[in-house]
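Topology and contacts: notes
So the chains spell out like this:
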Amino acid sequence: MYRSLLECILDLEKHGHLIRIQEEVDPRLEMAAIHRRVFAAGGPALLFERVKGSPFPAVSNLFGTLERARFIFRKTLPKVEMMMRMAAHPESALKNPLQTLKVLPAIVDLLPRKVRSAPVLKRRTRVSQLPQLQSWPADGGAFLTLPQVLTLDPDNPSLLKSNLGMYRVQISGNQYQPDEQIGLHYQIHRGIGVHHARALQRGEKLKVSIFLGGPPAHTLAAVMPLPEGMSELSFAGLLAGRRFRYLNYRGWIVSAEADFVILGTMEEELLPEGPFGDHLGYYSLAHDFPVLRVETVFHRPKAIFPFTVVGRPPQEDTIFGKLIHEITAPMIPKSLPGVKAVHAVDETGVHPLLLAIGSERYVPYQQRQPMELLTQAQAILGFGQLSLAKYLLIVAEEDDPQLNINDIQAFFRHLLSRIDLQRDLHFFTETTIDTLDYSGAKLNHGSKVVMAAAGKIRRELGYRLPQNLKLPPDFKNLKRIMPGVLALEAKAFATYERAQKEMRALKEAVPFSLADSFPLLVVVDDSEFVGTSLANFLWVTFTRSNPSHDIYGIGEFVEHKHWGCKGSLIIDARIKPHHAPPLQEDPTIEKRVDELAARGHSLHGVI
């Protein structure tokens, strides 16, 4: 397999998976705009040979299609998947000894290998010499978007206890001292935070190594949600088909095969980081985050700068998610007993909406209702990155063993036809949510809701707009989104006090009987937009609502601290004043991309 990023690039080019952009391209907005257009067209990986203001070429869209991602790992992925299945079902190793023998040679790749020298240490550069990638007009500066950030546990500095994660890094702008300080944006529920906290407790400065490039397996390892106890470096070696090469440099760990390595120490002060156009489709705003004091920057000869671009899904990180799901799916039932499958919905930016299929086996002699499902929901909300789910929708496998969790409309139909809205909603208020989700009242804080459904079908979902439904004066443009779901427009959100008055009028106007066919109503700013596609509905509904504040119900009640409603459920998914602004492209930059698509230019025939 590949020993470097360059080997991967040349292999992709040889097989028609990569093209070269020969024109000079500006890393401020232009490179990202080209990437987005090519990704949207299902196009090839891109090697930018002439990056304005930098001596280094850049590459993007390596993982831009699932087929290309599988191609990159074609020699090792089958063994990795087999080992994941064996880990989930150890008894299978005894039943299929020949298969077990096939993967045994790969076990040695789990152990990192210390080396004496490394190509990456041969040359030095400065942070300002790297391509200064700015993806969106209002970004606060340039960012690294595919960094592999490694830290050691100060209490147990074993390499196999290290943390390798992907956290965005701001390398210019704001109050950072050029070439000396960079911003490190790590969110809640991240391993680096544990290491940082322990370093502070010990009165030490945390050493941080940032790798760029190297074998593509190292990049994927940095975003893998691995089973407890498995090192990202071990997975990197397994997926690469060769052990992770490293060496020590003055107390820092260096990835020997990386293209670039930035070494630094965490400072005591915090500085504003951001804004940054993020993967929910909005800007994450400027907030104080840790600062890294840069000690040195190394690069290998012929180094290539890798990057990706995030924004409203789907983007290249969508492919990461799909590949990760393929690899880790067998581990879900083992890690979460009773849970058959989960689906973090990419169209919502992953964490805002999580679908799950569980089991309902507690009392098989009684009519089925959510019981064990609630136990499984609690386990999901306490499990790694799944704990960041804001809306968790869970159903019982026994009601439809053929239900496909990736068929979102079918899942919604299944749940909405069975859910008891008086009983089956369970709220978590004043809790943590994803750092990038601005639907809550403040950073990292918001609410969650579990919607569980099990048992017989309660209602036949409506397929046609209801007749003779009279809306209050402030509501209009009723649209059917899917069976059982309606969207309607309201005036722009002003305050929660006014919203409560608006919802009160809506609840008084809508009859209880509407829930028999349309149990879910979504209030939006533009029902035409929401009704255009399932993706629009999912994005608007679940990124622009905070369950504790924005869920209402016809005939809603609170009884013994339990909330329910006797009629349809209402979600107010309008943009709120405290929400982050949605991302918008720069029309002048898009014209430049169009020029590159003209005959005689590098993107002709690609977009």
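In this report, the structure presented in the accompanying data block is examined.

Reading the values: the criteria
- Residues numbered from 1 in each chain as written.
- Predicted model: local features only at pLDDT ≥ 70, side-chain atom pairs only at ≥ 80, totals over all residues.
- Heavy atoms only, no water.
- Pairing = 2+ DSSP bridges.
- Helix = DSSP H or I, 4+ residues; strand = E, 2+ residues; numbered from the N terminus.
- Buried < 20%, exposed > 50% of the residue type's maximum accessible area, 1.4 Å probe, protein only.
- Contact = heavy atoms within 4.5 Å.
- Polar contact = N/O pair within 3.5 Å; in protein donor to acceptor, adjacent residues only side chain to side chain.
- Axes fitted to C-alpha atoms, helices over the stretch in contact; angles between N-to-C directions.
- Parallel < 35°, antiparallel > 145°, perpendicular 65-115°, else oblique.
- Nonpolar A, V, L, I, M, F, W, Y, C, P; charged D, E, K, R; others polar.
- Salt bridge = Lys/Arg side-chain N within 4 Å of Asp/Glu carboxyl O.
- Right-handed = clockwise from strand over helix to strand, strands pointing away.

Let's talk about the sheet that holds strand S4 (residues 113-114)
Taken in spatial order, the three strands of this open sheet run S4-S12-S13, and their pairing is mixed. Only two strands of the sheet have a single neighbouring strand rather than two, namely S4 and strand S13 (252-255). Pairing geometry for strand S12 (residues 245-249) and S13, over four bridges, is antiparallel. Within the sheet, the bridge partner assigned to Asn248 lies in S13 and is Ile253.

Focus: helix H9 (residues 232-240)
For H9, a buried count of nine out of nine residues is recorded, marking the element as mostly surrounded by other parts of the structure. When we look at burial in H9, the residues that qualify are Glu232, Leu233, Ser234, Phe235, Ala236, Gly237, Leu238, Leu239 and Ala240. Buried-residue contacts for H9 involve helix H4 (77-88), strand S7 (148-151), strand S8 (163-165), helix H8 (216-221) and helix H10 (316-328). Structurally, the start of H9 carries an N-cap: the backbone nitrogen of Leu233 is 3.0 Å from a side-chain oxygen of Ser231. Gly241 sits one or two positions beyond H9 and adopts a positive phi of about 75°.

So, the packing of H4 against H9
The geometry of H4 relative to H9 is characterised by a closest axis approach of 8 Å and an angle of 130° between their N-to-C directions. By the criterion of interaxial angle, the relationship of H4 to H9 is oblique. On H9, the residues touching Leu77, Val80, Met83 and Met84 of H4 are Phe235, Leu238 and Leu239. Its residues placed into classes, the contact of H4 with H9 shows seven nonpolar, no polar and no charged.

Things to note about the environment of Ala329
Among the secondary structure elements, Ala329 is positioned in the loop between H10 and helix H11 (332-335). Put simply, Ala329 and Met84 are 245 residues apart on the chain and 8.7 Å apart in space, counted from C-alpha to C-alpha.

Notes on the pattern of salt bridges
Evaluated as defined, the whole model comprises 33 salt bridges. Here Arg37 makes a salt bridge to Glu590, at a shortest N to O gap of 3.0 Å. In this pair, Arg37 is assigned in helix H2 (residues 30-40) and Glu590 in helix H18 (residues 587-596), connecting sequence segments 553 residues apart. A salt bridge links Asp155 to Arg198; its shortest N-O distance comes to 3.9 Å. In this pair, Asp155 sits in the loop between S7 and S8 while Arg198 sits in helix H7 (residues 191-201), placing the two residues 43 residues apart along the sequence. It is possible to trace a salt-bridge network through shared partners that takes in Asp153, Asp155, Arg198, Arg202 and Glu204.

Some details on the sheet that holds strand S1 (residues 18-25)
Spatially, the four strands line up as an open sheet ordered S1-S2-S3-S18, and their pairing is mixed. Where the open sheet ends on each side, the last strands, each with one partner, are S1 and strand S18 (305-307). Pairs of neighbouring strands in the sheet enclose a mean axial angle of 25°, with direction left out of account. Set on the sheet, H2 makes contact with S1, strand S2 (45-51), strand S3 (58-60) and S18; between it and S2 the angle comes to about 160°.

Quick notes on the side chain of Ser234
By secondary structure assignment, the location of Ser234 is in helix H9. Among the polar contacts listed, one links the side chain of Ser234 to the backbone oxygen of Leu110, at a separation of 2.7 Å. Every residue in contact with Ser234, bar those within four places of it in the chain, is listed here: Asp109, Leu110 and Leu160.

Digging into the pairing of strand S26 (residues 520-524)
Burial of S26 is extensive: five of the five residues sit out of reach of the surface. The side-chain alternation of S26 yields two buried faces, one formed by Leu520, Val522 and Val524 and the other by Leu521 and Val523. Crossover connection from strand S25 (residues 485-490) via helix H14 (residues 496-509) to parallel S26: handedness right-handed. The pairing of S26 with strand S30 (residues 569-572) spans four bridges and is classified as parallel. Of the residues in S30, the one forming a bridge with Val522 is Ile571.

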